[in-house]
Every structure is written in C-alpha cells, then in structure tokens.
Amino acid sequence: MVSNAGEARKLYRGLGTSLVSAVPVSLVYMPTYEFTSQAFKRLSLNSGVPIPAAQLASVATGCACASVRVPLTLIKSRVQLGLFKSPSLAVAAALRTGWRELFVGLGATVWLDVLYAVIQFTALERLRQLGAFLGGGRVLTPGENALIGFLTGAITAVATEPLDVVRTRLQTQKRAAANKGGADFGYTGLLDGLRKAALTEGIAVLWRGLLPRLLLKSFGGMIWYCQLIQPHPTAEAYWTGPMNLLTDHPPTSSPLPRARLIFDLPRAIMSNHEQS
C-alpha cells in the first residue's frame, strides 16, 4: 500500500473517528469505574465478605464503555474498509436503517472487553511472580518491567484475537437491512461467527491480521505498565508486594518494586484497551 504514490494516507483511514471516540469513552470510563469500585468496596466492608471489587468494577466499566465505543468503532471499521468515504456517510447510512444498526456487535464487544481484562490481569500477575522469582528478590530493572508489560500485551492480544476478528466482521458484514456492507459472512452473533469461520475457512482465519494488533498491544502494554509502576507523588499509600488479583488488599511484604495499589490496575488496563 505505501509503495503506491498517494496510497500511504489510506493507513490513516478512520483516524478522526478514533481521536473523537477517545473523549466520550474517557468521560464514561472514569466515573463508572469510581462509582462501581467504591460501591463494591462498601458492600464488602458492610457484609464482611471479601469481594474482588477491582475486577467486578472493571467488568462493569467495560460494559458501560462498550455502549459508547461500539457505535464509534463500527463507523471507524466501515470507513477503514472503504465501505464509506467518510464517517458522516457511514453514520447516515446506519441511521437510515434505524439506531440499532449503530450497535451491531455490542454483545461481541462486551465479551471481548471482559475477557481482555480477565486474561490481562492473569497474565500480568503470573509474569510479575515469575520476574520476582528469577530476579532472586531484587528490584526489577526498567527494562525487565518493560518486558513484563510487553509480554502481557502480547499474550492478551493472541488470546483475544479471534473475538476481535469476529467482532469486526459482525460490524462490517453485508446486512439485508443496511444499504451497504462488506463481505456476506452471514454471522448472527459471536459464537455463530466463531463456529462458521472455523468450519468454512479453517481455525487459522481467527488469527488473521494478528500482527498489527500484536504490535499495538505489546508496545502499548509496555508503555502503560512502565507508567503504572512509577511512584505517584500524591498517592496516599503504596505497597511493595506482588499483586493479589483476587482482593484489594496488598500482601505485607515482597521483593517486588513499589507499585500503586491494585485498584489502579483496571484503570490502566481498560484505558490501554480502549485505544484499540
């Protein structure tokens, strides 16, 4: 594409939509997370039952953000595939069939966001524990922490790529009610898409286009994790232990470097994911 004169600009199709979408998603994301996390923590305190408030809050935040992000992602994908010349034309075409057309793929996006957070949490915990073990209890270097973030992003990207492929196809496939569409995949939902893609095109098709997303998530994961573990001058509390992703209570001691309290993790993880 870039070898042809004037074609390089096609690499930036949908850029405006991506930039615009960051604003409403951010406005929904932070208030939702703060409200739900505090609600779960109060419930845990009042009931005396340990509740994984951070994880439940991240799931709730993912669902809320999906309702805002799906229409914007749908428009971006249709413009990037060349189905429409501009976002305004894509929006107009969708609205002619009804407002529900803007929310095609909502269920798949919710599943993608939730599984993304779960896999990324798990991978990050295991890699930090491995780093502590291999480091013999010493403070990890910036390069080692960068590697942890890089591998976390890579693992998560590979594991969730099939969902992202089917989600994109759901949003851009030819639809009888729509005025325009892409390929006629005939998917009716996430599970139907996964099954049909694997049966008709082979299991490997679910990882088609992995490389660009792998690079994005790997280097993105490296950046946000390195930023995450930097001491925050205004934070009231820090902890020096390995992350316990099942509770919001840090362990009493550990050789790992200082990091923010665990309830900051979903913010960074979801913020990183929303850029995709």
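Since this is a predicted model, take the numbers as computed values, not measurements. (Residues numbered from 1 in each chain as written. Predicted model: local features only at pLDDT ≥ 70, side-chain atom pairs only at ≥ 80, totals over all residues. Heavy atoms only, no water.)

With that out of the way, let us pick up the packing of helix α4 (residues 106–134) against helix α7 (residues 210–228). The geometry of α4 relative to α7 is characterised by a closest axis approach of 14 Å and an angle of 55° between their N-to-C directions. Compared by their axis directions, α4 and α7 come out oblique. In the crossing of α4 with α7, the sense of the turn from one axis to the other is right-handed. In this structure, α4 uses Leu112, Tyr116, Gln120, Leu124 and Arg128 to contact α7, whose residues at the interface are Arg213, Lys217, Trp224 and Tyr225. (Axes fitted to C-alpha atoms, helices over the stretch in contact; angles between N-to-C directions. Helix = DSSP H or I, 4+ residues; strand = E, 2+ residues; numbered from the N terminus. Parallel < 35°, antiparallel > 145°, perpendicular 65-115°, else oblique. Left-handed = near helix turned anticlockwise from the far one by under 90°. Contact = heavy atoms within 4.5 Å.)

Our next topic: the environment of glycine 193. Residue position: glycine 193 is located in helix α6 (residues 190–201). By relative accessible area, which is 0% here, glycine 193 ends up buried. Sequence-wise, glycine 193 and alanine 108 are 85 residues apart; in three dimensions their C-alpha atoms are separated by 9.9 Å. Once residues within four sequence positions are removed from consideration, glycine 193 is found in contact with Val166 and Tyr187. (Buried < 20%, exposed > 50% of the residue type's maximum accessible area, 1.4 Å probe, protein only.)

All right, on to the pattern of salt bridges then. Counted under the stated rule, the structure contains 11 salt bridges. The closest approach of N and O atoms between arginine 169 and glutamate 201, which form a salt bridge, is 2.7 Å. Residue arginine 169 is found in helix α5 (residues 142–172), and its partner glutamate 201 is found in helix α6; the two are separated by 32 residues along the sequence. Of the residues examined, arginine 169 reaches a relative accessible area of 9% and is grouped as buried. Across the salt bridge formed by aspartate 192 and arginine 195, the nearest N and O atoms sit 3.1 Å from each other. Remark: arginine 195 and aspartate 192 occur in helix α6; sequence separation between them is three residues, near one turn of the helix. (Salt bridge = Lys/Arg side-chain N within 4 Å of Asp/Glu carboxyl O.)

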